[in-house]
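Each chain is listed here by its residues.
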Amino acid sequence: GGNATIGVGHLVHHGAIGSDQYDKEAAKKEKEFKGGLTVNGAFQLLSKDLTVRVSVNKKKLTKEGIADIDQGVKDVFTDFVFNTGSANKAIGIYKKEGVTGLYNAISSGTIKSVSTERKEMRLSLLDNAVKQETTSKETVKSQDQECTK
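Residues numbered from 1 in each chain as written. Predicted model: local features only at pLDDT ≥ 70, side-chain atom pairs only at ≥ 80, totals over all residues. Heavy atoms only, no water.

### Focus: the confidence of the model for the chain
(1) Moving on: In this model, the chain carries an average pLDDT of 89, and 91% of its residues clear a pLDDT of 70 or more.
(2) Moving on: No element of the chain has a lower mean pLDDT than helix α5 (residues 116-147), which averages 80, and none a higher one than helix α4 (residues 88-108), which averages 95. (pLDDT = per-residue confidence, 0-100. Helix = DSSP H or I, 4+ residues; strand = E, 2+ residues; numbered from the N terminus.)

What follows is the structure, given as structure tokens:
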């Protein structure tokens, strides 16, 4: 099961190693890595893959009108793009419920994480933005109360 990857998650092709069910060029793509991969080569692939994912994510956030957001939130969206191919569900929840809603969706498992470590990493990246959002809401609430006195 799964997809053929190498190094630090570089996708060689969709589908299992040795299978051309999803990619007719699978054998050719696998041949490129038959001799293995150096640590330096793995990090070069990671750098290239991450550059592409960050660019895709930046375009998506701009299109959605949310490009100017907390860096931790951007990092979470980029992580989803890099590891699952899409941040659409996370972005949708963020746009409807804010960063606290996104945090809760990841924490509760509404948005699945492949491991506890990945889930904790995503939540950690969102911590600062949740605190800022909570503080901002409290400030607005306080100002509203002052206006009604």
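That covers the picture; the talk isn't over yet.
### Side note on the side chain of Glu 30
(1) Moving on: You can see Glu 30 is positioned in helix α1 (residues 26-31).
(2) Moving on: Only 2.7 Å separates the side chain of Glu 30 from the backbone nitrogen of Gly 18, close enough to count as a polar contact.
(3) Moving on: With sequence-adjacent residues up to four places away left out, Glu 30 is seen in contact with Val 12, His 13, Ala 16, Ile 17, Gly 18 and Ser 19. (Polar contact = N/O pair within 3.5 Å; in protein donor to acceptor, adjacent residues only side chain to side chain. Contact = heavy atoms within 4.5 Å.)

### A look at the environment of Val 54
(1) Moving on: Along the polypeptide, Val 54 turns up in helix α2 (residues 39-63).
(2) Moving on: Sequence-wise, Val 54 and Lys 89 are 35 residues apart; in three dimensions their C-alpha atoms are separated by 17 Å.

### Side note on the packing of helix α3 (residues 71-84) against α4
(1) Moving on: At a minimum axis separation of 12 Å, α3 and α4 run at an interaxial angle of 100°. Classified by the angle their axes make, α3 and α4 are roughly perpendicular. Listed contacts from α4 to Val 73, Val 76, Phe 77 and Phe 80 of α3 are Ala 90, Ile 91, Tyr 94, Val 99, Leu 102 and Ile 106.
(2) Moving on: Considering only residue class, the contact of α3 with α4 consists of 10 nonpolar, no polar and no charged. (Axes fitted to C-alpha atoms, helices over the stretch in contact; angles between N-to-C directions. Parallel < 35°, antiparallel > 145°, perpendicular 65-115°, else oblique. Nonpolar A, V, L, I, M, F, W, Y, C, P; charged D, E, K, R; others polar.)

### Concerning α4
(1) Moving on: Relative to the 30 Å expected for 21 residues at 1.5 Å per residue, α4 spans just 18 Å between its end C-alpha atoms, considerably shorter than the ideal helical length.
(2) Moving on: At Glu 97, α4 shows its largest kink, close to 130°.
(3) Moving on: Within α4, the full set of buried residues consists of Ala 90, Ile 91, Ile 93, Tyr 94, Gly 98, Val 99, Gly 101, Leu 102, Ala 105 and Ile 106. (Expected span 1.5 Å × (residues − 1). Bend = angle between axes of the 7 residues up to and from the residue. Buried < 20%, exposed > 50% of the residue type's maximum accessible area, 1.4 Å probe, protein only.)

### Things to note about the packing of aromatic side chains
Aromatic rings in a pair are described by how distant their centres are and how their planes are angled relative to each other.
(1) Moving on: All told, the structure shown has 1 aromatic pair when counted by the stated rule.
(2) Moving on: Measuring from centroid to centroid gives 5.7 Å for Phe 77 and Tyr 94, while their planes differ by 85°, and the two rings are edge-to-face. A residue pair is termed long-range when its members are at least 10 positions apart, and Phe 77 in helix α3 and Tyr 94 in helix α4 qualify at 17 residues. Tyr 94 carries the same exposure label as Phe 77, and that label is buried.
(3) Moving on: Note that Arg 122 overlies the ring of Phe 80, its terminal NZ or CZ placed 3.8 Å from the centroid. (Phe/Tyr/Trp six-rings, centres within 6.5 Å; stacked < 30°, edge-to-face > 60°. Lys NZ or Arg CZ within 6 Å of the ring centre and 35° of its normal.)

### A short note on the pairing of strand β2 (residues 10-13)
(1) Moving on: Across 3 bridges, the pairing between strand β1 (residues 4-6) and β2 is antiparallel. Residue pairing in the sheet places Ile 6 in a bridge with His 10 of β2.
(2) Moving on: Between β1 and β2, which pair antiparallel one after the other, the connecting turn spans 3 residues, and Gly 7 there sits at a positive phi close to 70°. (Pairing = 2+ DSSP bridges.)

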